[in-house]
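Listed below are the residues making up each chain.
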Amino acid sequence: MNHSGVVQFLMVVLGAGTPIIFATVGETISQRSGVMNIGIEGVMLLAAAVAFWTATSTGSLVLGIVAGGAAGALAYAVNAVGAISLRVDQVVLGLGVLIVCTGLSEYIGSIGGAHPLSTQALSSTVKPLLHHGPAGLPVIGPLIFGQDILVYLSWVAVAATSFYLFRTRAGLWLRAVGDDPSSADAAGISVARTRYLHVIVGGALVGVGGAYVTLALFGAWQDGITAGDGWLAFTIVLFSGWRPWRGLVAAYLFAAITNVGFNLQLLKVSAPSQLLTLLPFLITLVALVVFSRRGFAKLHAQPGALGVPFWRESR
Amino acid sequence: VSTARFNFAKARLRVEPRGVASPPVQATVIALSFGGALVLGAIMLWAGGHNPVSVYRSIIDSGFGSWFAFSQTLTSAAPVILTAAATVIVFRASIFSIGMDGQLLAGAIASSGVALEIGGSLPGIVALPLVLAAGIAGGLIWSLVPALARAHLGTNEVLTTLMMNFIATSFVAYLVIGTSSIWRDSQETNVAEATPIPSHTVMPHLFQQADIGILIASGVALLVALLMRTTRKGFELRVIGNSVETARYAGIKVARNIVFVMCLSGALCGLAGAVQVTSVTQSLDPTSIDPGLGIGFTGIVVAALARLSIVASIPVAIVMGALLNAGLALQLANVPSALVVVLQGALLLLVIAGQFFFKYRLRLRTGELEHTS
């Protein structure tokens, strides 16, 4: 692979990694409060459809991204009501969110009669900010300066979330609520309010990730367009030990593995595409088993009350 | 004159645990859950410019309107009954395996492989049981890695089973599209198509479109329910489901039981895959072998709706089978078939939300009545 081939591949990885980063950061915030959502994939799909529908009907990409974020926040709010107020089992709850959101995304994609969403196109997608100047530099020019605004925002989201979690008082409270809600409650922190707030903010980030898929990566809609990004994000949250910077590295790593087919095409090596699609999942499975010594959870700072509803009276 | 006045400022809606919900409360909650899902679907239909009443009527007609429709419903329900039973037994043991789809596909690969390889040279009475057994073995093997990892390493079973699902889906596509394996029809050279299994390895006919698959599925599910209720193993699993600590203290071998129940669940899903192959698709067709939401996920929805009872899962699965069949009828009426998926999901969310009211009650605490004179 020559010089420009490497740059080209890394550009693809940066693009493909961005929705995964947004989803990973969003779910990390949610899980840090003790609420998980295994329906991320569905939420991203719904946000992707809503964002695309908004952008095509208003002609505004910004509105599309906002609408995607709002759809994500709304879907996570449903998950929050179930997990926090109704104290439902979070695996089954997440599955319900997954199914409803996936179905809704396909429903949105099919309305519009003779011109369903899948036949429409954006007049322009989210584009890189710079084309000249620093973006013209060899190698680092396009990689660092030639990205679109949302790529930079994903880095900002990672940095801000990491700072918030580990360097601010509110972040400390959030981690306290996720680790030991009884103690947090005794210290005067409202467990329910903290959880609702962070789950919904996290959902908005997941939604932006979904919006990125339709508005920046593809500029089009089709059923199941996120193609497993949400599932990858869910596994990355665990692998990263609920730490945003590790999540960013893992997201790019997974994006690279997922796009290895593209890489191999550049190398003119042919491999059955069906086997390539199962590669990231096989690697995840192996890694899950290898790194799953008992005590792994403790070592990797899994929130102590993850998936456990808080009920003051049963303390 | 002294009057008691309700103090609104002090009134609070309080959540209180309750012992056991009375049957009328349970029935009301379930009815409201179903009603809520139907209303939600009606709103979506109405927003999309359809007549909800006529669409709902066509859904019921395509599921139960005639013996032909009902026979199709039963055929769709058969594998769902098995994946629902597979869900119930693991969830009851507090193991949240969601790998039913992967195990079903593994069962489908194994059973169609056996049918294609040796089914042609054996009489049906021998071949069909062999094919079903191969499905059971396939599903069991597919559940082995998550089961052993969960039991002995404590690996999160939600994620491992999920990964096994993705791997199975891609693997089925690879076998039929990516290679020239026995699963790929060598007669068909232009497009990749799955090889049809020999006709005598197809399930014997029952009536109309229905075959004995529904009887096998219901029979096996009821047998598993009976064994779970009456055997020592079933008791041990119930204890584990309630509290792993208690189980350890009582001397129950937790790891061994976890492997057992996850493998049994995998075997049931594998059988579901074999039923799907020998009854519906009659090949390893990647697009129709595990359609829509997935027979495994549908089984999880059914199990949750049936409140983790295998016996109750059977009628719920039949209703769900009707809903699955409705997809085609809806498309003919220009209603997006995604509506069925939304209805399934909304039903699941409302029913699990409703379970809150089985465990807790809301009480309006009036505060003190203030006496003014």
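Nothing here was measured: the structure is a model prediction, and the numbers come from that model. (Residues numbered from 1 in each chain as written. Chains lettered and ligands numbered in written order. Predicted model: local features only at pLDDT ≥ 70, side-chain atom pairs only at ≥ 80, totals over all residues. Heavy atoms only, no water.)

Our focus in this paragraph is a positive patch on the surface. A grouping of Arg92, Arg229, Arg238 and Arg307 of chain B is seen on the molecular surface, where their side chains present a positively charged patch. Within the element layout of this structure, Arg238 of chain B appears in helix α8 (residues 232–242). (Patch = residues over 30% accessible without salt bridge, like charges linked within 9 Å, V, L, I, M, F, W, Y side chains within 5 Å. Areas by Shrake-Rupley, 256 points an atom, 1.4 Å probe, with all protein chains shown as cover. Salt bridge = Lys/Arg side-chain N within 4 Å of Asp/Glu carboxyl O. Lys, Arg positive; Asp, Glu negative; His and termini not counted. Charge placed at Lys NZ, Arg CZ, Asp CG, Glu CD. Helix = DSSP H or I, 4+ residues; strand = E, 2+ residues; numbered from the N terminus.)

Looking now at the nonpolar core. Counting 202 residues, the largest nonpolar core has Leu215 of chain A together with Leu284 of chain B as its most contacted members. The next biggest cluster of nonpolar side chains, apart from the first, holds five residues, and it includes Ala184, Ile189, Val191 and Phe310 of chain A. (Core = buried A, V, L, I, M, F, W, Y, C linked by side-chain atoms within 4.5 Å. Buried < 20%, exposed > 50% of the residue type's maximum accessible area, 1.4 Å probe, protein only.)

Attention now goes to a nonpolar patch on the surface. Residue and element names in this part refer to chain A. Taken together, Leu129, Ile149, Leu153 and Val156 make up a surface patch of nonpolar side chains, about 350 Å² in accessible area. Tracing the sequence through the fold places Val156 in helix α6 (residues 149–167). The exposure class assigned to Val156 is partly exposed, which follows from its relative accessible area of 49%.

What follows deals with helix α2 (residues 52–64) of chain B. Residues and elements named next belong to chain B. The end-to-end C-alpha separation of α2 is 18 Å, in line with the 18 Å expected for 13 residues at 1.5 Å each. All of the buried residues in α2 are Pro52, Val55, Tyr56, Ile59, Ser62 and Gly63. Taken end-on, α2 shows its buried residues confined to a sector of 125°, consistent with a single buried face. With respect to the buried face of α2, the exposed residues turned more than 90 degrees away are Val53, Arg57 and Ile60. Where α2 begins, the capping side chain belongs to Asn51, and its oxygen is found 3.1 Å from the backbone nitrogen of Val53. (Expected span 1.5 Å × (residues − 1). Arc of directions from axis to C-beta. Polar contact = N/O pair within 3.5 Å; in protein donor to acceptor, adjacent residues only side chain to side chain.)

Right, let's get into the packing of aromatic side chains. Aromatic ring pairs: the centre-centre distance and the angle between the two ring planes describe each pair. Under the defined criterion, the tally for this structure stands at eight aromatic pairs over all chains. Ring centres of Trp231 of chain A and Phe166 of chain B lie 5.8 Å apart, and the angle between their planes is 65°; this geometry places the pair in the edge-to-face category. Highlighted residues: Trp231 of chain A in helix α10 (residues 229–239) and Phe166 of chain B in helix α6 (residues 157–178), drawn from two different chains. Per residue, the accessibility class of Trp231 of chain A equals that of Phe166 of chain B, and both read buried. By the ring-pair criterion, three or more aromatic residues cluster together here, those being Phe64, Trp67, Phe70 and Phe207 of chain B. For Lys233 of chain B, the ring lying beneath its charged end belongs to Phe260 of chain B, and the centroid distance is 5.1 Å. (Phe/Tyr/Trp six-rings, centres within 6.5 Å; stacked < 30°, edge-to-face > 60°. Lys NZ or Arg CZ within 6 Å of the ring centre and 35° of its normal.)

All names here are of chain B. Tallied over the full model, the rule gives two salt bridges over all chains. Arg150 is paired through a salt bridge with Glu157; the nearest N and O atoms lie 3.0 Å apart. For Glu157, a relative accessible area of 7% puts it in the buried group. The salt bridge partner of Glu236 is Arg232, with a shortest N-O separation of 2.9 Å. Residue Glu236 and its partner Arg232 are both found in helix α8; the two are separated by four residues, about one turn of the helix. Overall, the relative accessible area of 65% leaves Arg232 in the exposed class.

On to the interface of chain A and chain B, then. Counting from both sides, the interface comprises 41 residues of chain A and, opposite them, 52 residues of chain B. Carbon and sulfur atoms supply 82% of the area buried between chain A and chain B, which totals about 3900 Å² over both sides. When the area that chain A buries against chain B is broken down by residue, the three leading residues are Ile99, Tyr107 and Gln274 of chain A, summing to 17%. Between chain A and chain B we count zero salt bridges in total. For the pair chain A and chain B, the number of links is one residue pair in polar contact (both at pLDDT 80 or more). Counted by class, the side of chain A that touches chain B contains 26 nonpolar, nine polar and six charged residues. (Contact = heavy atoms within 4.5 Å. Buried area = accessible area lost by both parts, 1.4 Å probe. Nonpolar A, V, L, I, M, F, W, Y, C, P; charged D, E, K, R; others polar.)

Further remarks concern unusual backbone geometry. A positive phi angle, close to 45°, is found at Ala227 of chain A, a residue other than glycine. Looking at the secondary structure, you find Ala227 of chain A in the loop between α9 (191–218) and α10. Using a relative accessible area of 59% as the deciding quantity, one classes Ala227 of chain A as exposed. Phi at Leu308 of chain B takes a positive value of approximately 55°, unusual for a residue other than glycine.

What follows deals with the environment of Leu285 of chain A. Positionally, Leu285 of chain A belongs in helix α13 (residues 273–290). Expressed as a C-alpha distance, the spacing of Leu285 of chain A and Thr235 of chain A, which sit 50 residues apart in the sequence, is 9.8 Å. Not counting chain neighbours up to four residues away, the residues in contact with Leu285 of chain A comprise Val145, Thr160, Met163, Met164 and Ile167 of chain B.

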